[in-house]
Amino acid sequence: MFTIEQFWSLVRTLLQSAGAALVTKGVIDAGSAEIAVGLIMNIATTGYSLWLRRKAGLVASAAALPEVREIRTTPEIARKVEDPSVTAR
């Protein structure tokens, strides 16, 4: 399984490769490829960050810490988090 850093590194590398292929074929110039890769990475990481910081994502992140033994939350959030340390009130 990938860590999140490895995943985003892979995505960035794939986007750069696709951009290089488009530059080589003359579809776009190098500057446009650089801007496009930067824009796509910015949008993707911002979207992921917003998704991770939703209530259930924050609870899941906290539950993943080795120091956390139990988290009590609402039934709605507990159903969304697949971790045995997260329970409903």
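Just above, that's the structure.
Predicted model only: the values in this text are computed from it and were never measured.

> Please provide a residue-by-residue account of a nonpolar patch on the surface, values included.
A contiguous nonpolar surface patch, about 450 Å² in accessible area, is contributed by F2, I4, F7, L10 and L14. The residue F7 is located in helix α1 (residues 4-24) in this model. Exposure remark for F7: the relative accessible area of 35% places this residue in the partly exposed category.

> Tell me about the nonpolar core, and name the residues and values.
Core analysis: the biggest nonpolar cluster contains 8 residues, these being A56, V59, A63, I71, I77, A78, V81 and V86. Secondary structure elements with two or more residues in this core: α3 (55-63) and α4 (75-80). Sequence-distant contacts of V86, that is, excluding residues within four places in its chain, are made with V59, A63, I71, T73, A78 and V81.

> Requested: an account of the packing of α1 against helix α2 (residues 30-52), with residues and values cited.
Here α1 crosses α2 at 155°, and the two axes come no closer than 9 Å. Between α1 and α2, the crossing angle belongs to the class labelled roughly antiparallel. Between α1 and α2 lies a crossing of right-handed hand. Here α1 contributes I4, W8, V11, R12, L15, Q16, G19 and V23 to the contact with α2, which in turn contributes A30, A33, V37, I40, M41, A44, T45 and Y48. Broken down by class, the residue content of the contact of α1 with α2 amounts to 12 nonpolar, 3 polar and 1 charged.

Scoring rules and cut-offs
Residues numbered from 1 in each chain as written. Predicted model: local features only at pLDDT ≥ 70, side-chain atom pairs only at ≥ 80, totals over all residues. Heavy atoms only, no water. Patch = residues over 30% accessible without salt bridge, like charges linked within 9 Å, V, L, I, M, F, W, Y side chains within 5 Å. Areas by Shrake-Rupley, 256 points an atom, 1.4 Å probe, with all protein chains shown as cover. Salt bridge = Lys/Arg side-chain N within 4 Å of Asp/Glu carboxyl O. Helix = DSSP H or I, 4+ residues; strand = E, 2+ residues; numbered from the N terminus. Buried < 20%, exposed > 50% of the residue type's maximum accessible area, 1.4 Å probe, protein only. Core = buried A, V, L, I, M, F, W, Y, C linked by side-chain atoms within 4.5 Å. Contact = heavy atoms within 4.5 Å. Axes fitted to C-alpha atoms, helices over the stretch in contact; angles between N-to-C directions. Parallel < 35°, antiparallel > 145°, perpendicular 65-115°, else oblique. Left-handed = near helix turned anticlockwise from the far one by under 90°. Nonpolar A, V, L, I, M, F, W, Y, C, P; charged D, E, K, R; others polar.

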